[in-house]
Protein chains: 2
Amino acid sequence: MFRRLYSTAAHPARFQLPQTIRQLLSSNGQENTTASVTGWIKSIRKQKNITFAVVSDGTTAEGLQAVVLKKQGTSPELLKRLTNGAAVRLTGNLIKSPGSGQDWELVIQEGDTNAIEVLGDCDVDTYPIQKKTLSTEYLRDNAYLRARTGQIAAMLRLRDHIFHNLSRSFESQGFTYTHTPIITGNDCEGAGEAFRIAPLQPNADANPNTTPLEFFSRPAYLTVSHQLHLESLTTALSRVYTLSPCFRAERSMTGRHLAEFWMLEAEWNLATRFDSIEEICVFVEGVIRRSIDPNSDDIIKLWEEKDGGKGLESEDYKTFRAAFDSEKPWKRMTYTEAIELLHAEYAQGHKFEFKPVWGESLSSEHERWLAEVHVGGPVFVTNYPIGLKPFYMRVNEDGKTVACFDLLVPRAGELVGGSVREERWDVLTTRMREFALLPSSEGAEQQSEGAVEGERSTSGSTYQWYADLRRYGGAPHGGFGLGFERLVSWVGGIDNVRECIGMPRWTGRMIM
Amino acid sequence: MFRRLYSTAAHPARFQLPQTIRQLLSSNGQENTTASVTGWIKSIRKQKNITFAVVSDGTTAEGLQAVVLKKQGTSPELLKRLTNGAAVRLTGNLIKSPGSGQDWELVIQEGDTNAIEVLGDCDVDTYPIQKKTLSTEYLRDNAYLRARTGQIAAMLRLRDHIFHNLSRSFESQGFTYTHTPIITGNDCEGAGEAFRIAPLQPNADANPNTTPLEFFSRPAYLTVSHQLHLESLTTALSRVYTLSPCFRAERSMTGRHLAEFWMLEAEWNLATRFDSIEEICVFVEGVIRRSIDPNSDDIIKLWEEKDGGKGLESEDYKTFRAAFDSEKPWKRMTYTEAIELLHAEYAQGHKFEFKPVWGESLSSEHERWLAEVHVGGPVFVTNYPIGLKPFYMRVNEDGKTVACFDLLVPRAGELVGGSVREERWDVLTTRMREFALLPSSEGAEQQSEGAVEGERSTSGSTYQWYADLRRYGGAPHGGFGLGFERLVSWVGGIDNVRECIGMPRWTGRMIM
């Protein structure tokens, strides 16, 4: 069989698997060619002389309709095994479909040798993915098979497409794709919400005085962000990005939080020095716009099936489309302007649960009002008060705000956060001492003096290395982090991030 | 500044950062055009009327030579700040270099406004990356800056290039790039070497009877492999792959093991059914060959600097080149053949530490002899004894071996492992019971009966879902896992995997 499919004389670098359904349908194949497809039966209708089956291999939103014509010599046993969920390989003629709803169909002569192969039977009575509508909660319980549903499969393909588009975009901008550590000694950024790696169990043979209980000789955590490590790489490669898992041990049960999520993070040396946060905003907008094709089959399918099939007529959909169809840059406003707008709205009687106050965080209801009601689309809110943001963001000239932004989008809320990073050694180290990330002034000096003796990063402060990046040719730079599941949620019209990743993890739940 | 660089009238999707040095040098720029480069000074030589500086932004192996011509009106202060390690932006004329060793150079008139900007000074006396040769161990201690060295930067770019090539290769073969969980309830595959997430600390307010100590309600581990989860996605999307972190709490100190490493894993429905392991071998060979360009600057640079500058003349280099230059498929042999060869070698007096015995693992010395001495290149060793391999590999007709392979390569050892997965429900569940991954026969039946009631994966066996994939249209499939750092080690001629990732983690060591 193997030799039949592949010429062994071909160059070993040129080996190709047979076409998927997507490849077959997009290859402008000629009518009436013989084609084989491998996939699962999504629905089947058996009539006396003809059987209709939709077969999907998961590479397209709609699958392919197969028409099986009755012929003498067919095994009734074989026909019985063609059920919903069965894995089959069908070989027939690909023709332009006379029916509506699809362009192509595969016509199979039932009795032909090898025309119909059942690769895997489906125990149809207990098959969890029945044709009826299945609840979200039921599918979460059956996570191991839920990618067989059209919605989850479309979401998984959407993740793939977005990542490939992002990759190409970053590549064209001169970025290097990098990997930074998952296990780290840093725990400060997670505000006490970092998962900790369990210390080792002492065993009978171990000498408790010499055998360390920590695998890495010190407490280890799962990273909450790759930013600090990316900054280290930026100081050598100029432009870096990663798409990598991040972890937060938050007990949040909202539709926007996962304990394990994927974050797109990028850092680069700014072309515009530190004039403004605008270079980062315009870059982020460009990257997102280029990564999303709102006309892709999968995005259309995801919206189409929303709201009982009326998703494409919804206001939410129109708002989403407008963000990508319009050539007008997305809205920018400062935090101070945002507070003023919220104030005015509050004064006019809008019942916010929290009164908007300068210097306090925007609550989720404030963010939603700004993006969904006031702007009706994505909005970059910039220059937040210094007290609300982490130590690494660059302090603006006013001394009261930092050069940062949150990108708020309708429904998904905060999609991206970014900032210019503080490149001034003196300003940064002062702030780090305020956050107790560096020892007091004297200790820091001592640490600096010992710099060339090596082991600097393992001794003294865990964060000394971060400050020291500024001592050795630290160029002005900035970056951002984008929640990948939130992006999928926004552009796919998916209500909960738990349906934006194959096997979600959140507090109390870890299936598979 | 921002407006000077970018027209605000452009479509927001078309924003571009300025060219990197790589982009500048590969854009076939015309001679005598004005160009700006931003990067770090790698070396500098100041003469009376002229200064030579090599500037690198980390995007190329060699950087760009800048020639600064003396002019009236220069600030001596500015000149003093041009040191090794300083971040600078230089603007000048790009011309064909009259000197040897580079194609282009940037000629700068010292006194021109903005011709020389120092973006970040370097404290040159304590700068850890001095021009002299730095030991590997010293650079590990200074991991936060080691990407400034030519070798580590080349390795990081190599990772990026390999991944982009892999991505394109998988995309063209109809695969979907997916993300599977890092945190998992499975701990069996790691043979007791999985990292465990620490249970929560009970706090004073918590009711110990109702507040679970486990964040996910049950013990959680860091995954040692994504294979089982990828198999779940294969059963819907047909072909999937991931490049994702994996973790092993091994106390290994060899140059081939890390506690945190990246693994390329792929699974797909086999086109050749289950005739042989050959489809997987030929696919793996094709994917690796397409992902490596042995003529890339970075690979050349890495080998060039090996063995005191004689790496390109080494036997190791010739062996590596031959694997990619030759059109002959890489060698295949069965485990049984391998044992016979080792036997013969042993009989002839080769002093292996371990005698080769059928049914026992190939030791590292055996693997090295096969790849380095006997074959002199990569070799697929196939069909290992059933007792040596995990439960999920397909049992061959002889009942004694499984349809699997290890790809052994010179120096890096086992680079890839893969197999046809057992698709037969009865064979698989029998084996899983042997491994105590499913309850006894009766329990399993009960579990199966309760299948449609949901929550199957959280109750009963952790692995029930894996077996059940075979009940619902499980098609014959297979896959492999490739150690990404080992691939980088092999093709880059890098001796230790700790130099094949930016910030390595191994037992006892976690810097940054």
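Just above, that's the structure.
Residues numbered from 1 in each chain as written. Chains lettered and ligands numbered in written order. Predicted model: local features only at pLDDT ≥ 70, side-chain atom pairs only at ≥ 80, totals over all residues. Heavy atoms only, no water.

1. Some details on the overall build of chain A
At step 1: Tallying secondary structure elements over chain A gives 15 helices and 18 strands in all.
At step 2: Split into buried and exposed, the 512 residues of chain A put 59% on the buried side.
At step 3: A separation of at least 24 residues holds for 69% of the contacts in chain A among residues at least 6 apart in sequence.
At step 4: For chain A, the accessible surface area stands at approximately 20200 Å², while carbon and sulfur atoms represent 49% of it. (Helix = DSSP H or I, 4+ residues; strand = E, 2+ residues; numbered from the N terminus. Buried < 20%, exposed > 50% of the residue type's maximum accessible area, 1.4 Å probe, protein only. Contact = heavy atoms within 4.5 Å. Areas by Shrake-Rupley, 256 points an atom, 1.4 Å probe, with all protein chains shown as cover.)

2. Some remarks on the interface of chain A and chain B
Accessible area lost upon the coming together of the parts serves often as the stated size of an interface.
At step 1: Between chain A and chain B, the residue contacts involve 144 residues of the former and 144 residues of the latter.
At step 2: Of the roughly 12300 Å² buried between chain A and chain B, counting both surfaces, carbon and sulfur atoms make up 62%.
At step 3: Here chain A and chain B share 4 salt bridges between them.
At step 4: Across the pair Arg-168 of chain A and Glu-171 of chain B runs a salt bridge, and its minimum N-O distance is 3.4 Å.
At step 5: Where chain A packs against chain B, one counts 56 residue pairs in polar contact (both at pLDDT 80 or more).
At step 6: Partitioning the side of chain A that touches chain B into residue classes produces 69 nonpolar, 39 polar and 36 charged. (Buried area = accessible area lost by both parts, 1.4 Å probe. Salt bridge = Lys/Arg side-chain N within 4 Å of Asp/Glu carboxyl O. Polar contact = N/O pair within 3.5 Å; in protein donor to acceptor, adjacent residues only side chain to side chain. Nonpolar A, V, L, I, M, F, W, Y, C, P; charged D, E, K, R; others polar.)

3. Quick word on the environment of Phe-391 of chain A
Residue and element names in this part refer to chain A.
At step 1: On the secondary structure map, Phe-391 appears in the loop between strand S13 (379-382) and strand S14 (404-409).
At step 2: Its relative accessible area of 2% is what places Phe-391 among the buried residues.
At step 3: Along the primary structure Phe-391 and Thr-430 are separated by 39 residues, whereas in three dimensions their C-alpha atoms are 9.4 Å apart.
At step 4: Discounting residues that sit within four places of it in the chain, Phe-391 has contacts with Leu-228, Leu-428, Arg-431, Met-432, Phe-435, Leu-437 and Tyr-466.

4. A short note on helix H11 (residues 364-375) of chain B
All names here are of chain B.
At step 1: Between its terminal C-alpha atoms H11 stretches 15 Å, which fits the 16 Å expected from 12 residues at 1.5 Å a residue.
At step 2: For H11, every residue scored as buried is listed here: His-366, Glu-367, Trp-369, Leu-370 and Ala-371.
At step 3: Contacts from the buried residues of H11 go to strand S12 (331-334), helix H10 (335-347), strand S13 (379-382), strand S14 (404-409) and strand S15 (413-420).
At step 4: In the segment just after H11, Gly-376 is the residue with positive phi, at about 70°. (Expected span 1.5 Å × (residues − 1).)

5. Re the packing of aromatic side chains
At step 1: Here the structure, examined in full by the defined rule, presents 67 aromatic pairs over all chains.
At step 2: Ring centres of Trp-268 of chain A and Phe-480 of chain A lie 6.2 Å apart, and the angle between their planes is 75°; on these two criteria the pair is classed as edge-to-face. A residue pair is termed long-range when its members are at least 10 positions apart, and Trp-268 of chain A in strand S11 (residues 260-269) and Phe-480 of chain A in strand S16 (residues 477-483) qualify at 212 residues. By the burial criterion, Trp-268 of chain A is buried, and Phe-480 of chain A matches it.
At step 3: Considering the side-chain rings of Tyr-177 of chain B and Tyr-241 of chain B, the 5.6 Å spacing of their centres and the 55° angle between planes classify their relative orientation as tilted. With a gap of 64 residues between them, Tyr-177 of chain B in strand S7 (residues 176-177) and Tyr-241 of chain B in strand S10 (residues 239-247) connect regions that are remote in the sequence. Here Tyr-177 of chain B and Tyr-241 of chain B have matching classes, each one buried. (Phe/Tyr/Trp six-rings, centres within 6.5 Å; stacked < 30°, edge-to-face > 60°.)

6. Let's talk about the nonpolar core
At step 1: Within the largest apolar cluster, 224 residues are counted, with the highest numbers of intra-cluster contacts made by Ile-288, Phe-480 and Trp-490 of chain A together with Ile-288, Phe-480 and Trp-490 of chain B.
At step 2: Not counting residues within four places of it along the chain, the set of residues in contact with Trp-490 of chain A comprises Ile-288, Trp-303, Phe-320, Ala-323, Phe-324, Trp-330, Pro-378, Val-409, Pro-410, Arg-411, Ala-412 and Leu-415 of chain A. (Core = buried A, V, L, I, M, F, W, Y, C linked by side-chain atoms within 4.5 Å.)

7. Some remarks on the side chain of Thr-178 of chain A
All names here are of chain A.
At step 1: On the secondary structure map, Thr-178 appears in the loop between strand S7 (176-177) and strand S8 (183-184).
At step 2: On the accessibility criterion, Thr-178 (2% relative accessible area) is buried.
At step 3: Leave out the neighbours within four places in its chain, and Thr-178 touches Leu-230, Leu-233, Leu-237, Val-240, Tyr-241 and Thr-242.

8. Thoughts on the pattern of salt bridges
At step 1: Taken as a whole and assessed by the stated rule, the structure comprises 53 salt bridges over all chains.
At step 2: Here Arg-332 of chain A makes a salt bridge to Glu-285 of chain A, at a shortest N to O gap of 2.7 Å. Note that Arg-332 of chain A is positioned in strand S12 (residues 331-334) and Glu-285 of chain A in helix H7 (residues 278-291), a separation of 47 residues in sequence.
At step 3: Taking the shortest distance from any N to any O, the salt bridge between Arg-196 of chain B and Glu-214 of chain B comes out at 2.8 Å. One end of the pair, Arg-196 of chain B, is in the loop between strand S8 (183-184) and strand S9 (221-222); the other, Glu-214 of chain B, is in the loop between S8 and S9, and 18 residues separate them in sequence.
At step 4: Taking the relative accessible area as the measure of exposure, Arg-196 of chain B reaches 25% and is therefore partly exposed.
At step 5: A single salt-bridge network, built from bridges that share partners, covers Glu-137, Arg-140, Asp-141, Arg-146, Glu-499 and Arg-509 of chain A.

9. Re the packing of helix H8 (residues 297-304) of chain A against helix H15 (residues 484-492) of chain A
How two helices sit against one another is set out by the angle between their axes and by the gap between those axes.
All names here are of chain A.
At step 1: Where H8 meets H15, the closest approach of the two axes is 9 Å, and the angle between their N-to-C directions is 70°. Overall, the two elements H8 and H15 adopt an arrangement that is roughly perpendicular. Contact residues: H8 offers Ile-299, Leu-302 and Trp-303, while H15 offers Trp-490, Val-491 and Gly-492.
At step 2: Residue classes in the contact of H8 with H15 are distributed as 5 nonpolar, 1 polar and no charged. (Axes fitted to C-alpha atoms, helices over the stretch in contact; angles between N-to-C directions. Parallel < 35°, antiparallel > 145°, perpendicular 65-115°, else oblique.)

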